[in-house]
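Listed below are the residues making up each chain.
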Amino acid sequence: VTGMKGRIEAYLPENKVFLYQRPTPDGPWKDLSKPPPQGSFSEEIFDCSDLRKVYDFADDIPKMHSGYHYASTAIEWKYLLDAVKDVQDGKPFLPQVSLSDGYSAVEMGIA
């Protein structure tokens, strides 16, 4: 995804996310009529292969689910079950993913 502030890229099977941020107007790139100077862009790499670095509940994911889609299905189920438990405790139902998000995911998969 590319935007006004930079670019973010996700790679599989490396399971890494790369964040590139453009220079800010108050940074080293003063003359916008010239290319930005070397070193004015920032790069940050997030290694998501160890789920314990990403989710504090990674140890609770059953081993049988840990390999499928990097446990994304198990993680989404955990979020859904947490939302259902919140409703049972009298809190509002606030799922991580909305029905509209689900429709959009299917549309992207079909495209």
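Counting of residues starts from 1 at the beginning of each chain's written sequence and follows it residue by residue. Local features in this predicted model are restricted to residues of pLDDT 70 or higher, and side-chain atom pairs are both shown and tallied only at a pLDDT of 80 or more, whereas totals for entire chains, interfaces and linings draw on every residue. Note that the side-chain values use all heavy atoms of the structure and ignore hydrogens as well as water.

1. Remarks on the side chain of E9
No. 1: For E9, the position within the fold is in strand β2 (residues 6-11).
No. 2: Any N or O atom pair separated by 3.5 Å or less is treated as a polar contact, with the protein-specific requirement of one donor-capable and one acceptor-capable atom, and with residues adjacent in sequence counted only for side-chain atom pairs. There is a polar contact of 2.5 Å between the side chain of E9 and the side chain of Y11.
No. 3: Residues contacting E9, with those up to four places away along its chain left out, are K16, V17, F18 and Y20. Elements are defined by DSSP. Helices are runs of H or I of four residues or more, strands are runs of E of two residues or more, and each kind is numbered from the N terminus. The criterion used for residue contact is that any of the two residues' heavy atoms lie within 4.5 Å.

2. Things to note about the packing of aromatic side chains
For any pair of aromatic rings, geometry is given as the distance between the ring centres together with the angle between the planes.
No. 1: Here the aromatic set is Phe, Tyr and Trp, taking the six-membered ring for Trp, and pairing holds for ring centres within 6.5 Å; pairs whose planes are under 30 degrees apart are stacked, those over 60 apart are edge-to-face, and all others are tilted. One pass over the full model with this rule turns up 2 aromatic pairs.
No. 2: Ring geometry for Y11 versus F18: centroids 5.4 Å apart, planes at 85 degrees, classification edge-to-face.
No. 3: Here F18 and Y20 contribute two aromatic rings whose centre-to-centre distance is 6.5 Å and whose plane-to-plane angle is 5 degrees, an arrangement assigned as stacked.
No. 4: Taken together, Y11, F18 and Y20 form an aromatic cluster joined through their ring pairs.
No. 5: By definition, being over a ring means that NZ of Lys or CZ of Arg is both within 6 Å of the ring centre and within 35 degrees of the ring normal. The residue whose ring lies beneath R7 is Y20, and the NZ or CZ to ring-centre distance is 4.4 Å.

3. Digging into helix α2 (residues 72-88)
No. 1: Helix span, expected: 1.5 Å multiplied by one less than the number of residues in the helix. Taking 1.5 Å per residue as the helical rise, α2 with its 17 residues ought to reach 24 Å, and the 24 Å between its terminal C-alpha atoms agrees with that figure.
No. 2: Looking at α2, one finds that the buried residues are A74, I75 and A83.
No. 3: Looking at the residues trailing α2, positive phi occurs at G90, about 90 degrees. Here's how the labels work: a residue is buried when its accessible area is under 20% of the maximum for its type, exposed when over 50%, partly exposed in between, all with a 1.4 Å probe on protein chains only.

4. Digging into the environment of Y20
No. 1: Within the secondary structure, Y20 is located in strand β3 (residues 16-21).
No. 2: A sequence separation of 24 residues divides Y20 from E44, and the C-alpha atoms of the two residues are 6.5 Å apart.
No. 3: Not counting the four nearest positions on each side in its chain, Y20 is found in contact with K5, G6, R7, E9, S42 and E43.
No. 4: A polar contact is formed between the side chain of Y20 and the side chain of E43, at a distance of 3.1 Å.

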